[in-house]
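Observations on the three-dimensional arrangement
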Amino acid sequence: MSSVSEWYMGKNVLITGATGFMGKVLVEKLLRSCPGVKALYLLVRPKAGQSMQERVHDMLKCKLFDRVREDNPDFHQKIIPISSELMQSGLALSPADVEKLSSCINIVFHCAATVRFDEPLKHALQLNVIATQQILALAQRMQHLYAFIHISTAYANCNRRHIDEVIYPPPVEPKKLIDSLEWMDDAIVRDITPRLIGDRPNTYTYTKALAEYVVQQESGRLNIGIIRPSIVGASWQEPFPGWIDNFNGPSGVFIAAGKGILRTMRASNDAVADLIPVDMVINLTLAAGWYTAVHRPKSALVYNCTTGGINPFHWGEIEHHVMSTFKRNPLEQAFRRPNANITSNYLINQYWILVSHKFPALIYDLFLRLSGQKPQMMRIFTRLHKAIALLEYFSSQDWEWNSDNMNMLMNQLSAEDRRTFNFDVHQLNWPEYIENYCIGTKKYVLNEDMSDIPAARQHLRKLRNIRYTFNTLLLVFIWRVFIARSQMARNIWYFVVSLCFKFLSYFRASSTLTN
Ligand SMILES: CCCCCCCCCCCCCCCCCC(=O)SCCNC(=O)CCNC(=O)[C@H](O)C(C)(C)COP(=O)(O)OP(=O)(O)OC[C@H]1O[C@@H](n2cnc3c(N)ncnc32)[C@H](O)[C@@H]1OP(=O)(O)O
Ligand SMILES: NC(=O)C1=CN([C@@H]2O[C@H](COP(=O)(O)OP(=O)(O)OC[C@H]3O[C@@H](n4cnc5c(N)ncnc54)[C@H](OP(=O)(O)O)[C@@H]3O)[C@@H](O)[C@H]2O)C=CC1
């Protein structure tokens, strides 16, 4: 057995955010690659009419856990859900649960956060900062705790171009901010938010930066590791390629492009797309947990978990591979043929939004109205434009992250650990990864069947024929309305046609001469 999984043997692990995208992968990997782990305590809240037990039960039934289920059908016995609402005082934990956790937990992974970019500041502060303080306070009471791993983001300091593996001074003293916001009503907080977040793009990155500082300040004698992943995408290899379960980050953009809805977006072709597969992030997280517990670094170690400095890939290349994958493996019931282009030019982007988004949406909604149905396309585009406006900051520029600690950690692993907990981003073959990612969005986010691909292709052919017919009708219409009615337009038209004719004759003559 590898030394990392050996270390987890007999350990009790506490995980927050286990029902989220990364949390689920963490739970799965721990159960599969560290079979000796004693128990996973998951802090979960009841939600949408489901108790926390029902939520965890549903989560464990999902396809992600198929491999674990094969290895050990009774794996759920190691999962112990604990009811907890992180936004409430004391994390809404019962005294008995506090007692239990304090006496048995050996390692904490704090993943829970709000990752929404439009979260009101008070809410983001409550969850990303105050809840982190409370988890730290709980961790201080744990008698057998070896390590505390906090999941941050590589964009916590996105107001800097070069980001080292250090905790930067916070934009404001968190305690002062918490005290001030307490008495302000929501409207005032909304008004002052842009001033507070300053040169950061949203409340998410701002509060994640504050959380890192809080972890540093309030860690006391805990052994701390901070993981800063960049844009976390579908799995690379484990438990199977392409697993993804949400619309966050690029996934929603890929899906919207595959459905033929998104045709243009502001992004820089040459900017590095710092994507990192979720399984690599989780492998690094587990290895960092082991390292922190065994080596007990004197101060918190920060791991920039990024790809750009080691194996760069660019948004322009991503666009190419996403489009090519969705043309070969179309999504069902596409609105138009997939054909998205990115541009960094504001005016060109606005032009294509008008021509390729708003105009087709208007026509389609008109068609829906005329056929007695409710118009919906304009509404969908309004939401899409809101979402991509929030993402463009990250796709239009690049950053440089130092990844010395990630390299150091890799060098600390045995050959077997490096295979089992692989986070060597050199090994990523981007075209293959992007193809699996896109197919993953089709299979696991949209729940579409791969056997329906011939029908989806047929649908794309139908859309192409509709487009040809529409363009022909448009040309005839323009001719009838403008050209046939005005002498001047006719003259211009004849001039253009004769120019084309002359050009063709010249081209034919010169090609005959060269032959
Ligand atoms: C081919 C082209 C190539 C293009 C290349 C360019 C790609 C650029 C991509 C850049 C990504 C940069 C990400 C940077 C990440 C920073 C890393 C992190 O730390 S943090 C981690 C990253 N964090 C994030 O990424 C958070 C970003 N997301 C948000 O902040 C919010 O979701 C929102 C403000 C966008 C929408 O809020 P709101 O209007 O209240 O809507 P709700 O949320 O309630 O969802 C409503 C419905 O819409 C669904 N859906 C959601 N998103 C998208 C989408 N993008 N699209 C489509 N659909 C989407 C959603 O599932 C739901 O469906 P249903 O349940 O109703 O069926
Ligand atoms: N996804 C990404 O691209 C990146 C993510 N990260 C970081 O990774 C971590 C995990 O992100 P990700 O998995 O994508 O996020 P998700 O939104 O998928 O998951 C968030 C988790 O936090 C839990 N949570 C939220 N609010 C509460 C609450 N009030 N009480 C209890 N639990 C709560 C959610 O539980 P529930 O199911 O009940 O809502 C969920 O389990 C975060 O810290 C994020 O900042 C960093 C970089 C990139």
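Residues numbered from 1 in each chain as written. Chains lettered and ligands numbered in written order. Predicted model: local features only at pLDDT ≥ 70, side-chain atom pairs only at ≥ 80, totals over all residues. Heavy atoms only, no water.

Taken together, 26 residues sit near ligand 2, with T19, R45, R55, E85 and Y204 positioned nearest. In this structure, an oxygen atom belonging to ligand 2 sits 2.9 Å away from a main-chain N or O atom of M22. Within the contact set of ligand 2, an oxygen atom lies 2.9 Å away from a backbone nitrogen or oxygen of C111. Its free accessible area being 880 Å², ligand 2 has 88% of it covered by the protein chains. Elements represented by at least two residues in the shell around ligand 2 include exactly helix 2 (21-33) and helix 9 (203-217). Of the residues that constitute the shell around ligand 2, the class distribution is 14 nonpolar, 7 polar and 5 charged. (Near = heavy atom within 4 Å. Polar contact = N/O pair within 3.5 Å; in protein donor to acceptor, adjacent residues only side chain to side chain. Areas by Shrake-Rupley, 256 points an atom, 1.4 Å probe, with all protein chains shown as cover. Helix = DSSP H or I, 4+ residues; strand = E, 2+ residues; numbered from the N terminus. Nonpolar A, V, L, I, M, F, W, Y, C, P; charged D, E, K, R; others polar.)

A few words now on the pattern of salt bridges. Counted according to the given criterion, the structure contains 16 salt bridges. Here K61 ties to D58 by a salt bridge, and the two come within 3.8 Å at their closest N and O atoms. Placement of the pair is K61 and D58 together in helix 3 (residues 52-61), with a separation of 3 residues, close to one helical turn. Look at K61 and you get exposed, because its relative accessible area is 54%. Judged by relative accessible area, D58 falls into the partly exposed class, the value being 35%. A salt bridge links D179 to K175; the nearest nitrogen and oxygen atoms lie 3.0 Å apart. (Salt bridge = Lys/Arg side-chain N within 4 Å of Asp/Glu carboxyl O. Buried < 20%, exposed > 50% of the residue type's maximum accessible area, 1.4 Å probe, protein only.)

Relative to the assigned elements, A340 resides in the loop between helix 12 (315-328) and strand 12 (341-343). Placed 156 residues apart in sequence, A340 and M184 show a C-alpha to C-alpha distance of 44 Å.

Contact geometry for helix 2 and helix 11 (residues 278-295): axes closest at 9 Å, N-to-C directions at 60°. Classified by the angle between their axes, helix 2 and helix 11 sit oblique to one another. By crossing handedness, the relation of helix 2 to helix 11 is classed as right-handed. Along its contact with helix 2, which presents F21, M22, V25, L26, K29 and L30, the element helix 11 presents V278, D279, V281, I282, N283 and L286. Taken together, the residues of the contact of helix 2 with helix 11 break down into 9 nonpolar, 1 polar and 2 charged. (Axes fitted to C-alpha atoms, helices over the stretch in contact; angles between N-to-C directions. Parallel < 35°, antiparallel > 145°, perpendicular 65-115°, else oblique. Left-handed = near helix turned anticlockwise from the far one by under 90°. Contact = heavy atoms within 4.5 Å.)

All right, on to the site of ligand 1 then. Ligand 1 sits among 26 residues. The nearest are R116, Y204, F247, G249 and R383. Taking V115, its main chain carries an N or O atom lying 3.2 Å from a nitrogen atom of ligand 1. A distance of 2.7 Å separates an oxygen atom of ligand 1 from a polar backbone atom of G249. If ligand 1 stood free it would expose 1,400 Å²; the protein chains cover 75% of that surface.

A cis amide bond, omega -5°, links E238 with the succeeding residue P239. Here P239 lies in the loop between strand 8 (231-233) and helix 10 (250-258). A positive phi angle, near 60°, is found at L91, a position not held by glycine. Among the secondary structure elements, L91 is positioned in the loop between strand 3 (79-83) and helix 5 (95-104). Although it is not a glycine, A92 adopts a positive phi angle of roughly 55°. Checked against the element boundaries, A92 lands in the loop between strand 3 and helix 5. Overall, A92 belongs to the partly exposed group, its relative accessible area being 33%.

With that settled, consider the packing of aromatic side chains. Tallying each qualifying case throughout the model produces 23 aromatic pairs. Taking 6.0 Å as the distance between ring centres and 25° as the angle between the ring planes, the aromatic pair formed by F21 and W243 counts as stacked. Linking F21 in helix 2 with W243 in the loop between strand 8 and helix 10, this pair joins segments that are 222 residues apart in sequence. Judged by its relative accessible area of 5%, W243 falls in the buried class. Ring geometry for Y155 versus W401: centroids 5.3 Å apart, planes at 85°, classification edge-to-face. Here Y155 is found in the loop between strand 5 (147-151) and strand 6 (162-163), whereas its partner W401 is found in strand 13 (residues 400-401), with 246 residues between them in sequence. Overall, the relative accessible area of 9% leaves W401 in the buried class. In textbook terms, an aromatic cluster arises when at least three aromatic residues are bridged by ring pairs, as seen for F117, Y155, Y204, Y393, F394, W399 and W401. Lying across the ring of F421, K29 places its NZ or CZ 5.0 Å from the centre. Taking the ring centre of F240 as reference, the NZ or CZ of K63 above it sits at 4.9 Å. (Phe/Tyr/Trp six-rings, centres within 6.5 Å; stacked < 30°, edge-to-face > 60°. Lys NZ or Arg CZ within 6 Å of the ring centre and 35° of its normal.)

To continue, consider the pairing of strand 4 (residues 107-110). Here strand 4 shows two buried faces, one formed by I107 and F109 and the other by V108 and H110. Examined bridge by bridge, strand 1 (residues 12-16) and strand 4 share 4 bridges and lie parallel to one another. When the sheet's bridge partners are listed, V13 is paired in strand 4 with I107. Pairing between strand 4 and strand 5: 4 bridges, direction parallel. The partner of H110 across the bridge, within strand 5, is H150. Each parallel crossover has a hand, and for strand 4 linked through helix 6 (residues 121-140) to strand 5 it is right-handed. (Pairing = 2+ DSSP bridges. Right-handed = clockwise from strand over helix to strand, strands pointing away.)

Moving on to the UniProt feature "transmembrane region" (unreviewed entry) in the protein. Per the UniProt annotation, the sites labelled "transmembrane region" (unreviewed entry) are residues 468-486 and 492-509. Across residues 468-486, the secondary structure splits into 84% helix and 0% strand, with the terminal C-alpha atoms separated by 27 Å. (UniProt positions renumbered as here; feature names shortened; annotations may be inferred.)

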